[in-house]
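# Observations on the model geometry
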Amino acid sequence: MEDSIDRIIPVDIEDEMKTSYIDYSMSVIVSRALPDVRDGLKPVHRRVLYSMNESGNTYNNPTRKCARAVGDILGKYHPHGDSSVYNTLVRLAQGWNMRYPLVQGQGNFGSIDGDSPAAMRYTESRLNQFAQEMLRDIDMETVDFQDNFDGDFKEPTVLPCRIPNLLINGAAGIAVGMATNMAPHNLTETLNACIAYIDARGEITVDELMQYVKAPDFPTGGVIYGYEGVKEAFRTGRGRIVIRGKADIEEYHGHERIVIREIPYQVRKSDMVAKIAQLVNEKKIDGISDISDESSNKGIRIVIDIKKDANAGVVLNYLYKYSDLESYFSVNNIALVHGRPRLLNLKDLIGHFVDHRHDVVTRRAQYELRKAQERIHILEGLIIAVDHIDEVIRIIRSSEETREAMNRLMEAFNLSELQARAIVDMRLRQLTKLDIDKLQHEYNELKERIDYLNLFLSDINMRMELIQEECREIIDKYGDERRSEIVYASEDLNPEDFYADEDMVITISHLGYIKRTPLSEFRTQTRGGVGVKGADSRDEDFVEYIYSATMHATMMLFTATGRVYWLRVFEIPEGSKSSKGRHIQNLLDLDEENRVTAFLRIKDLTTDKEFVNTHYLVFATEQGLIKKTLLAHYANPRKTGVRAINLRGDDQVVSVALSNGNCEIFLANRNGRCVRFNEQEVRPMGRTATGVRGIRLDDDPNDKVVGMVVHRLKNSDETILVISEKGYGKRSLIDDYRITKRGAKGVKTINVTDKTGQLIDIRAVEDDDNIMIINKSGVAIRLSMEQVRVMGRATQGVKMIDLNKRSDEIASICNVVAEEEEPELLDEADLDDPSEFVPQEEDLQGSDPDDELEGSEDQE
């Protein structure tokens, strides 16, 4: 009892936990999770390769069952679970995980979909030829060996490794308190960088090495999008690299589809397809009608069908944003250097590999020198024996035993024991003249070899040149092209790259359906034409707003209730002239009762700070209020929109325009009156202000503001275009409208009659401009302003578009970019009475052209 008490050693639990945990963590770091910087292998990978090589399971022999290889590895070198060893062997054979696989597998070794490999009793494997370069010269004392777990066998502490395996295949592992995640690289690029490093004797920068190693090269290909993360990883050892799958947009049976042929590294294809389907079901991505995986052993092929009214480029951008079609590889280059974990940059990794190769070729030369010296020592003894063959034979024949013969030979010819034993063991056939000549030839060759090896070991330049030659041999034998493309762009999503900055026509119907149509589809017609079909609409719907913009522009959409939303033009679904489009609530976060009543096209809101701080948004409401606010207050887009103006009662936003602060403002009401005043009369206000009175409306309860023109003073060629509900319109000179005070009732701008209908819109146009007119039935006509002559502001005007239906009315007009085209008219056979479409000009003067009422009531 006393003896057992004496054997109990009291230990502080805190100290014991610290010591034990440190020992455990170091064991995990050094012996399990982190690769060696020299050969890029963890102990389990090294043991798999060495065991298969020792058992002859190599590329020049038939494949063997994986169970046999796993058994040898477990029994001799790696006493852990068989599944962990088998999974390691399997990964070394998977071409989608390893840039340069080291094992050739036969059977089911899993798939890029994440399928598990077959059991090891069914699969077969062997080392491939590439792996032999990792093991070459291992039997020439080029690396150190250590005892295995039970001391029965020896295993290498590192492999000779002619290739920079850590760089070309990468590594991943989680230790205690640290982890590593290294990207694979291209073999040719990496070895060329090693050659350049040697040429510079190590005096080379990371940026100079990056001229050879462009970026990681992933086995699954893909596109490295952005270069900042690559540069950071190469320079510091840590960085985030953006990888995108490679996808093409194709036309197929009248609609577009996206075909994905490469996916990001370490992304499971089946999980990615399932994620895309989930995004479609959750309505996070619109425009996808079907997705199918058509991949085979020939490669990856995922086909995503796009709806006819959707834009494939926009859908692809959303796939990059929300799905695994774009992923990130977080580089963390931690490896063991002399048994200690270190964070390494590109130069460090290449430098340590070159140092390792220098150590290997030096030890190999030392081994060859020692073997050559031993052999030439034997040859010197054999040559002596041949020169004195009669005496040698006499001594051997007269000796009682081998030991006596060796001693007598050593004494007679001053030989070493090794030389004497070689003479005694020499066969009689070696005494022929041919064999004697061979001995002399071998001796001469060894003499030269020894001289070379001595010179080689004394000259570091020769050793470095040999390393370069071996690198070139590997390149010639195994070098290949890059698989991953590099896009030297920002990592931020830049959808503009997918679209040409083309002119588009944006249309929104009364019920809120929106689309964009290429301007080229609308051809110029003569004044008074019947137009072309502009959009399909149901009886209760009609096209209400039409606007021209370019693909890269930002559309600011202002609702009747005073909120503003932002939408890039390329995000709007494209449709033909006759298509209905998509409801705007699918694109914007709009309330059901809210609708867009004004638009503004801004080329750039975020980068041009000078522009947004020197320009204003001018708002006009139905009740005649006007407000001016600095554009910078609207330069931070939000998905849910922001309040643009504070409205009172049932007032609504009619028009929003851009101003430079020195313009003139025209406001027109439904009854045909227009007021003109200087913008300076409206002081800048906050984003949520209500505004001040711009025009005094008539006592008519149905009177309201129908439009606004912001006229730049430098633009003397502009004229005022007005159009009525029944298709009549005209142009008037700016000077026909005299300047009054803000809040005045205005002057007559068109003679409103039952024939013309009330005023529908007012625009500023020039001779070179085109306008688009579209009526409530969906018929659109594009007119050149050269066809509309300038006349007095109080006239009735001329017929701009003929309405086939008496109940039909003009819905909207907009300015579009003019282009020279042949007029496009419908055939007379399509018209009920062609004579009805002869342009008519009626200069009917109205009464009281200068009737006006001053007013300046402010409402803020």
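Because the structure is predicted, anything quoted here is derived from the model rather than measured.

Our next topic: the UniProt feature "active site" (unreviewed entry) in the protein chain. The sites that UniProt annotates as "active site" (unreviewed entry) are Tyr 122. Looking at where Tyr 122 falls in the secondary structure, it is placed in the loop between strand S2 (103-106) and strand S3 (124-127). A relative accessible area of 54% places Tyr 122 in the exposed class.

Looking at soluble globular proteins, one finds that nonpolar side chains tend to be buried together. Ranked by internal contacts, the top residues of the largest apolar core, which has 81 residues, are Leu 49, Leu 187, Leu 346 and Ile 350. Broken down by element, this core gets its largest block of residues, eight residues, from helix H8 (residues 187-199). The residues that make up this core include at least three from each of domain 1 (13-198) and domain 3 (355-478). Contacts of Leu 187, omitting those with residues within four sequence positions, involve Tyr 100, Phe 130, Ile 163, Ile 168, Ile 474, Tyr 478 and Gly 479. Ile 383, Ile 395, Ala 422 and Phe 456 belong to the second largest nonpolar core, which has 25 residues in total.

What follows deals with helix H18 (residues 460-478). Compared with an ideal rise of 1.5 Å per residue, which puts 19 residues at 27 Å, H18 spans 27 Å between its outermost C-alpha atoms and is within 8% of the ideal. Looking at H18, one finds that the buried residues are Met 462, Arg 463, Met 464, Ile 467, Gln 468, Glu 470, Cys 471, Ile 474, Ile 475 and Tyr 478.

As defined by bridge partners, strand S6 (residues 171-174) adjoins strand S7 (residues 179-182) across four bridges and the pair is classed as antiparallel. Pairing of Ala 172 across the sheet is with Asn 181, part of S7.

Within the protein chain, residue pLDDT values average 84, and 88% of them lie at 70 or more. The secondary-structure element of the protein chain with the lowest mean pLDDT is strand S42 (residues 841-842), recorded at 39, while S3 shows the highest, at 97. The model gives residues 818-860 a pLDDT under 50, and that stretch makes 111 contacts with residues more than four places away or in other chains.

One non-glycine residue, His 253, lies in the positive phi region at around 50°. For His 253, the location among the structural elements is in the loop between strand S10 (246-252) and strand S11 (255-262). The class for His 253 is exposed, based on a relative accessible area of 67%. In the Ramachandran plot, His 338 falls in the positive-phi region, its phi being about 55° despite a non-glycine side chain. According to the relative accessible area criterion, His 338 is exposed, its value standing at 79%.

Our next topic: the packing of aromatic side chains. Considering all chains together, one arrives at 14 aromatic pairs under this definition. Summarising the aromatic geometry, the rings of Phe 619 and Tyr 634 are spaced 6.1 Å apart at their centres and angled 45° between planes, so their arrangement reads as tilted. Of this pair, Phe 619 sits in strand S26 (residues 616-621) while Tyr 634 sits in the loop between strand S27 (625-630) and strand S28 (642-643), placing them 15 residues apart in sequence. Given the relative accessible area of 1%, Phe 619 is considered buried. In this structure an aromatic cluster arises from ring pairing among Tyr 50, Tyr 77, Phe 145 and Phe 153. The ring of Tyr 320 is capped by Arg 244, whose NZ or CZ atom sits 4.1 Å from the centre of that ring. Lying across the ring of Phe 619, Lys 627 places its NZ or CZ 4.8 Å from the centre.

A separate point is a negative patch on the surface. Residues Asp 12, Asp 15, Glu 16 and Asp 23 make up a contiguous surface patch of negative charge. Relative to the elements of secondary structure, Glu 16 occurs in helix H2 (residues 13-33).

When you line up the elements, Ser 116 lands in the loop between S2 and S3. Overall, Ser 116 belongs to the exposed group, its relative accessible area being 58%. Each C-alpha atom of the pair Ser 116 and Asn 87 lies 9.5 Å from the other, and the pair is 29 residues apart in sequence.

About the criteria used
Residues numbered from 1 in each chain as written. Predicted model: local features only at pLDDT ≥ 70, side-chain atom pairs only at ≥ 80, totals over all residues. Heavy atoms only, no water. UniProt positions renumbered as here; feature names shortened; annotations may be inferred. Helix = DSSP H or I, 4+ residues; strand = E, 2+ residues; numbered from the N terminus. Buried < 20%, exposed > 50% of the residue type's maximum accessible area, 1.4 Å probe, protein only. Core = buried A, V, L, I, M, F, W, Y, C linked by side-chain atoms within 4.5 Å. Domains from an automatic or database assignment. Contact = heavy atoms within 4.5 Å. Expected span 1.5 Å × (residues − 1). Pairing = 2+ DSSP bridges. pLDDT = per-residue confidence, 0-100. Phe/Tyr/Trp six-rings, centres within 6.5 Å; stacked < 30°, edge-to-face > 60°. Lys NZ or Arg CZ within 6 Å of the ring centre and 35° of its normal. Patch = residues over 30% accessible without salt bridge, like charges linked within 9 Å, V, L, I, M, F, W, Y side chains within 5 Å. Areas by Shrake-Rupley, 256 points an atom, 1.4 Å probe, with all protein chains shown as cover. Salt bridge = Lys/Arg side-chain N within 4 Å of Asp/Glu carboxyl O. Lys, Arg positive; Asp, Glu negative; His and termini not counted. Charge placed at Lys NZ, Arg CZ, Asp CG, Glu CD.

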